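# A look at the structure
Take a look at the letters that make up each chain.
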Amino acid sequence: MALLVAAADALPDWAQSVVPQARLDADLALDETEFAVLDTLLRERFGADLGALRAGLDLDALAALTVGDLAELVRR
């Protein structure tokens, strides 16, 4: 997902780890600033609200949020 790589301002090696099953927190280690940038990019490009999705999740679900979940959010 190119927007995720852009939000993280990632190096090419890191970008290879952006696969559907990668967890945004544990596997990709996104911080809150990167989540905020990603939320803005998703809203602008797809009208998707990552902030609202995250607000509705408990801690376990937040930790389990994956790249695949972002793809599903965009498809809605």
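Now for a description of the structure that goes with this document. For clarity, every value in this text was computed on a predicted model and none was experimentally measured. (Residues numbered from 1 in each chain as written. Predicted model: local features only at pLDDT ≥ 70, side-chain atom pairs only at ≥ 80, totals over all residues. Heavy atoms only, no water.)

### Focus: the overall build of the protein chain
- When you go through the protein chain residue by residue, the secondary structure sums to 6 helices and 0 strands.
- Order of helices (α) and strands (β) in the protein chain, N terminus to C terminus: α-α-α-α-α-α.
- A compact globule built from 76 residues should have a C-alpha radius of gyration of about 11 Å, and the protein chain, at 11 Å, falls within 12% of that.
- With the principal axes as the frame, the protein chain shows a C-alpha extent of 30 × 30 × 20 Å.
- Partitioning the intrachain contacts of the protein chain with sequence separation of at least 6 by distance along the chain shows that 53% fall at a separation of at least 24.
- For the protein chain, the exposed surface amounts to about 4600 Å²; the carbon and sulfur share of it is 53%.
- For the protein chain, the centre of its 6 positive side-chain charges and the centre of its 14 negative side-chain charges are spaced 7 Å apart. (Helix = DSSP H or I, 4+ residues; strand = E, 2+ residues; numbered from the N terminus. Rg over C-alpha atoms; globule rule 2.2 N^0.38 Å. Contact = heavy atoms within 4.5 Å. Areas by Shrake-Rupley, 256 points an atom, 1.4 Å probe, with all protein chains shown as cover. Lys, Arg positive; Asp, Glu negative; His and termini not counted. Charge placed at Lys NZ, Arg CZ, Asp CG, Glu CD.)

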